[in-house]
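Descriptive structure summary
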Number of protein chains: 2
Amino acid sequence: MRIGELSKATGVDIETIRYYEKAQLLSAPARSDNGYRSYNQSHLERLAFIRHCRALDIPLAAVQRLLSFIDSPQSDCGEIDHLIDAQLARVRARLASMHALERQLVALRGQCTGPHNASECGILHDLVAAAHGEACVCHQN
Amino acid sequence: MRIGELSKATGVDIETIRYYEKAQLLSAPARSDNGYRSYNQSHLERLAFIRHCRALDIPLAAVQRLLSFIDSPQSDCGEIDHLIDAQLARVRARLASMHALERQLVALRGQCTGPHNASECGILHDLVAAAHGEACVCHQN
DNA sequence: CTTGACCCTGTAGTGACTCCAGGGATTCTA
DNA sequence: TAGAATCCCTGGAGTCACTACAGGGTCAAG
């Protein structure tokens, strides 16, 4: 399988595939006579694995750890659990702050009604007020 | 005000302040005889404004547009509205995908109960299964 | 007179890609 | 069989918003 076929089969950009190889997440494939990369089924599976982890927003360094567990199934899975727990904690923290963010933006958006001069714009006024340390509609909670 | 004082007053890292200057978000301050940066009140306000926007996760390029509105209050505020709307849309899209992510991670985490070999780990099994295109507990929804 | 806190510039590193220049190989069509 | 379109290669730079560092200068206190 050439890189373009692998790309189509997995939906992963060609440049990204080469990037994974350089980053040592994907082992260097065999080369044809013309120097083209030649992938096999195991490359496809490994790439799909990486992308699934990335869809779960797991950092590449952690994906690399997981790959090493696949390669040595004898080892204890405690670190896997820990890794997923850490990822879950990261996602939840980010989720909480993004909820707050959404509330703030909605409040801010409500300050502007229809077209007028920037000097009268409630949004801009609120943002400037916040810079002055005054209570602003988006951060007064 | 020297850069250290500005940093303390705003809670913004010194390196970040210099970065904002280089990125043209903060105008270059006057210099003392020894070459130290000398900030005034307007720098402090502008920096606070930038940080407030960043707390709302507004990209620096958009912050720069907002700053230009502060500098020219005559212009129409339509773009401000649009900018906040775009930011809100980004946040909401991200929020939705992170909710899905959380569900997936929770499901995945439930696959592993207690310590055992990686080869028997439900989490790893599910991740590998997903790579094979089988339904996995975290993406079957 | 030395110590320590502060400041300067310029450069490189982060993560996870993405894009591009400048070339070679292969395949399809006229 | 010529030319065009498509594929592939390498190496390097760019993205975003910082962060860290090397290697120096400045200043006040003890």
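Residues numbered from 1 in each chain as written. Chains lettered and ligands numbered in written order. Predicted model: local features only at pLDDT ≥ 70, side-chain atom pairs only at ≥ 80, totals over all residues. Heavy atoms only, no water.

Residues and elements named next belong to chain A. Here the domain parsing of chain A yields domain 1 (1-75) and domain 2 (80-141). Look at where the C-alpha atoms of domain 1 and domain 2 centre, and you get two points 38 Å apart. Taken together, the contacts link 8 residues of domain 1 with 5 residues of domain 2. If you sort the residues of domain 1 by the area they bury against domain 2, Ile-58, Leu-66 and Phe-69 come out on top, with a joint share of 55%. Connecting domain 1 to domain 2 are 0 residue pairs in polar contact (both at pLDDT 80 or more). Taken together, the residues of the side of domain 1 that touches domain 2 break down into 6 nonpolar, no polar and 2 charged. (Domains from an automatic or database assignment. Contact = heavy atoms within 4.5 Å. Buried area = accessible area lost by both parts, 1.4 Å probe. Polar contact = N/O pair within 3.5 Å; in protein donor to acceptor, adjacent residues only side chain to side chain. Nonpolar A, V, L, I, M, F, W, Y, C, P; charged D, E, K, R; others polar.)

With that settled, consider the protein's contact with DNA strand C. Taken together, 20 residues lie around DNA strand C, and Tyr19(A), Tyr20(A), Gly4(B), Arg18(B) and Arg37(B) are the ones closest in. At the protein interface, 69% of the atoms of DNA strand C within 4 Å belong to sugar or phosphate. Contact distances for DNA strand C include 2.7 Å between a phosphate oxygen and a side-chain N or O atom of Arg37(B). Counting only elements with at least two residues in the surface near DNA strand C, the list comes to α2 (14-22) and α3 (41-55) of chain A together with α1 (3-10) and α2 (14-22) of chain B. Broken down by class, the residue content of the surface near DNA strand C amounts to 8 nonpolar, 4 polar and 8 charged. (Near = heavy atom within 4 Å. Helix = DSSP H or I, 4+ residues; strand = E, 2+ residues; numbered from the N terminus.)

As a further point, take the packing of α2(B) against helix α3 (residues 41-55) of chain B. Residue and element names in this part refer to chain B. The N-to-C vectors of α2 and α3 enclose an angle of 100°; their axes lie 12 Å apart at closest approach. In terms of their interaxial angle, α2 and α3 are classed as roughly perpendicular. For the pair formed by α2 and α3, the contact residues are Thr-16, Ile-17 and Tyr-20 on the first element and Leu-47, Ile-50, Arg-51 and Arg-54 on the second. Each residue belonging to the contact of α2 with α3 can be placed in one class, and the counts come to 4 nonpolar, 1 polar and 2 charged. (Axes fitted to C-alpha atoms, helices over the stretch in contact; angles between N-to-C directions. Parallel < 35°, antiparallel > 145°, perpendicular 65-115°, else oblique.)

A few words on the protein's contact with DNA strand D. Around DNA strand D lies a shell of 19 residues, among which Gly4(A), Arg18(A), Arg37(A), Tyr20(B) and Arg54(B) are the nearest. Backbone atoms, meaning sugar and phosphate, form 71% of the atoms of DNA strand D found within 4 Å of the protein. A distance of 2.7 Å separates a phosphate oxygen of DNA strand D from a polar atom in the side chain of Arg37(A). Interatomic distance of 2.9 Å between a side-chain N/O atom of Arg54(B) and a phosphate oxygen of DNA strand D. It is α2(B) that contributes the most residues to the surface near DNA strand D, 4 residues altogether. Residues belonging to the surface near DNA strand D are distributed by class as follows: 8 nonpolar, 4 polar and 7 charged.

All names here are of chain A. With the rule as written, the count across this model stands at 2 aromatic pairs over all chains. Taken together, a centroid distance of 5.9 Å and an interplanar angle of 50° make the contact between Tyr-19 and Tyr-20 tilted. For Tyr-19, a relative accessible area of 45% puts it in the partly exposed group. A relative accessible area of 2% places Tyr-20 in the buried class. (Phe/Tyr/Trp six-rings, centres within 6.5 Å; stacked < 30°, edge-to-face > 60°. Buried < 20%, exposed > 50% of the residue type's maximum accessible area, 1.4 Å probe, protein only.)

In this section: the interface of chain A and chain B. Size of an interface: often given as the accessible area lost when the parts come together. Opposite the 54 residues of chain A that make contact, chain B presents 54 residues. Interface of chain A and chain B: buried area, both sides summed, is about 4800 Å²; carbon and sulfur atoms make up 73% of it. In terms of surface lost to chain B, no three residues of chain A exceed His52(A), Leu56(A) and Leu105(A), which account for 13% of the buried area on that side. At the surface where chain A touches chain B, the tally comes to 6 salt bridges. (Salt bridge = Lys/Arg side-chain N within 4 Å of Asp/Glu carboxyl O.)

Time to look at the packing of helix α1 (residues 3-10) of chain A against α2(A). Residue and element names in this part refer to chain A. Packing of α1 against α2 brings their axes to within 9 Å, and their N-to-C directions diverge by 105°. As far as their axial angle goes, α2 and α1 are roughly perpendicular. For the pair α1 and α2, the contacting residues are Ile-3, Gly-4, Leu-6 and Ser-7 in the first and Ile-14, Ile-17 and Arg-18 in the second. Tallied by class, the residues present in the contact of α1 with α2 amount to 4 nonpolar, 2 polar and 1 charged.

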